[in-house]
Each structure stands twice: as structure tokens, then as C-alpha cells.
Amino acid sequence: MTAAGERAAAMQSAVGSPDGWHPNIVVFACNWCSYAGADTAGVSRIAHPPHFRMIRVMCSGRIQPGFVLRAFEKGADGVLVSGCHFGDCHYIFGNHRAVEQFEKTKNLVRLLGLEDGRLRLEWISAAEGARFAQIITEFTEQIRALGPSPLAASPRTAAASGP
């Protein structure tokens, strides 16, 4: 596919479904690799859907199940946890801890009755802007196919409950 074709496909993805619904996606990204990879995608002007919120964390191993559950509670339709490739972690074994935490989180999400596809773990380096764009595009389409999260509070309820 040409660069223009990729841009057109990403723009079509950004437009969303015919009913105008866009998935609300939260991305927890490691400061050293994945956040920089997302930045590389933006600086390189690689087209990708804009419907996600990026939360920069020092290490993907720091993502506790409570962070992900809170994101779903606050209305996220999907959560992507992203960190350094194995062997590249700034904190040596942080991504190994991320896998442990992710497995615990996945079990809790399953227990709540959410589909496994609403939660994803990926490794993205600072140089992989194109990979970040591909993953966020795939994940957006996957969440769009699943539809809104059953845990997402209605806008009226979320506004009344406060931060």
C-alpha cells in the first residue's frame, strides 16, 4: 500500500463508524521506549487513529491492575499497555514484571465479564513509530468491533461522580 493509501485508510478509521461512535482507548506507555515510539509516529506524520489517551509511566512494570480497572471504570472501551522489548528495559526486568502484572489484570478483567480483546500488551521501541501506528490502528478497529464497554458509565453518571 502506498503512503497516500495508508493515510487514507487511517483517516477512514479516524472518521469512525456510521453511527459516529469512537472507541475510548487508554494507552499506558513506558517513558523510555513506547512513549517515544508514539512520539516518533507523530513526528514522522504516520497516520493513525487519534481516539486514544496516552498516559506516560516510567516503566510498564509499574502498571498495577488497579490502574487498568480504574480506566475501565472511568469509561475506557479498551486499554493498551506498552513497554520496552525484552532486553531493552531501562530498569532491567521491568517488562518481565509487566507480564506478571498483565496476567493478573487479564484475570480480573475476565472476572468482570469483559472480553479479552479489550486489554492488550505490546512491546514497542522508540524507533518503532510505524509499529505504534499499526498497533493502535489494529487495536482501535478491534475495540470498534467489540463496541462500547459494558462497564463504561453513562456521561451523566460519570459527571456526577467526579474525579
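As a reminder, the structure under discussion sits directly above these lines.
Residues numbered from 1 in each chain as written. Predicted model: local features only at pLDDT ≥ 70, side-chain atom pairs only at ≥ 80, totals over all residues. Heavy atoms only, no water.

(A) Quick look at the overall build of the protein chain. Scanning the protein chain from terminus to terminus reveals six helices and four strands. When the helices and strands of the protein chain are placed in sequence order, the string is α-β-α-β-α-β-α-β-α-α. Per-residue burial over the protein chain gives 43% buried out of 163 residues. Contacts in the protein chain between residues far apart in sequence, at least 24 positions, make up 80% of those at least 6 positions apart. (Helix = DSSP H or I, 4+ residues; strand = E, 2+ residues; numbered from the N terminus. Buried < 20%, exposed > 50% of the residue type's maximum accessible area, 1.4 Å probe, protein only. Contact = heavy atoms within 4.5 Å.)

(B) Broad picture of the nonpolar core. By size, the foremost hydrophobic cluster in this structure holds 17 residues, and its most contacted members are F28, V68, F72, V79 and V81. Going through the elements one at a time, β1 (25–30), α3 (65–73), β3 (78–83), α4 (94–111) and β4 (119–123) are the ones with two or more residues in this core. By size, the runner-up hydrophobic cluster in this structure holds 14 residues, among which are A38, L80, I136 and F139. (Core = buried A, V, L, I, M, F, W, Y, C linked by side-chain atoms within 4.5 Å.)

(C) Region of interest: the pairing of strand β2 (residues 52–57). Across six bridges, the pairing between β1 and β2 is parallel. What sits directly across from F28, in β2, is I55. Following the chain from β1 across helix α2 (residues 34–43) to the adjacent parallel β2, one finds a crossover that is right-handed. (Pairing = 2+ DSSP bridges. Right-handed = clockwise from strand over helix to strand, strands pointing away.)

(D) Main features of the environment of T105. Residue placement: T105 occurs in helix α4. A residue is classified by how much of its surface remains accessible, and T105, at 2% relative accessible area, is buried. Spatially, the C-alpha atoms of T105 and G66 are 8.1 Å apart, while their sequence positions differ by 39 residues. In contact with T105, not counting residues within four places along its chain, are Q64, P65, V68 and L119. One polar contact links the side chain of T105 to the main-chain carbonyl oxygen of Q101, over a distance of 2.8 Å. (Polar contact = N/O pair within 3.5 Å; in protein donor to acceptor, adjacent residues only side chain to side chain.)

(E) Structural view of the packing of aromatic side chains. One pass over the full model with this rule turns up three aromatic pairs. Each ring, one from F52 and one from F132, has its centre 5.7 Å from the other, and the planes form 65 degrees; the classification is edge-to-face. Of this pair, F52 sits in strand β2 while F132 is found in helix α5 (residues 129–146), placing the two residues 80 residues apart along the sequence. Each of the two residues, F52 as well as F132, counts as buried. Ring centres of F86 and W123 lie 5.0 Å apart, and the angle between their planes is 65 degrees; this geometry places the pair in the edge-to-face category. Placement of F86 in the loop between β3 and α4 and of W123 in strand β4 is noted, with a sequence separation of 37 residues between them. Over the face of the ring belonging to Y35 we find R56, whose NZ or CZ atom lies 4.2 Å from the ring centre. (Phe/Tyr/Trp six-rings, centres within 6.5 Å; stacked < 30°, edge-to-face > 60°. Lys NZ or Arg CZ within 6 Å of the ring centre and 35° of its normal.)

(F) Layout of the side chain of S82. The residue S82 is located in strand β3 in this model. The class of S82 is buried, set by a relative accessible area of 1%. When neighbours within four sequence positions are excluded, S82 is seen to be in contact with F28, A29, C30, S34, S60, E122 and I124.

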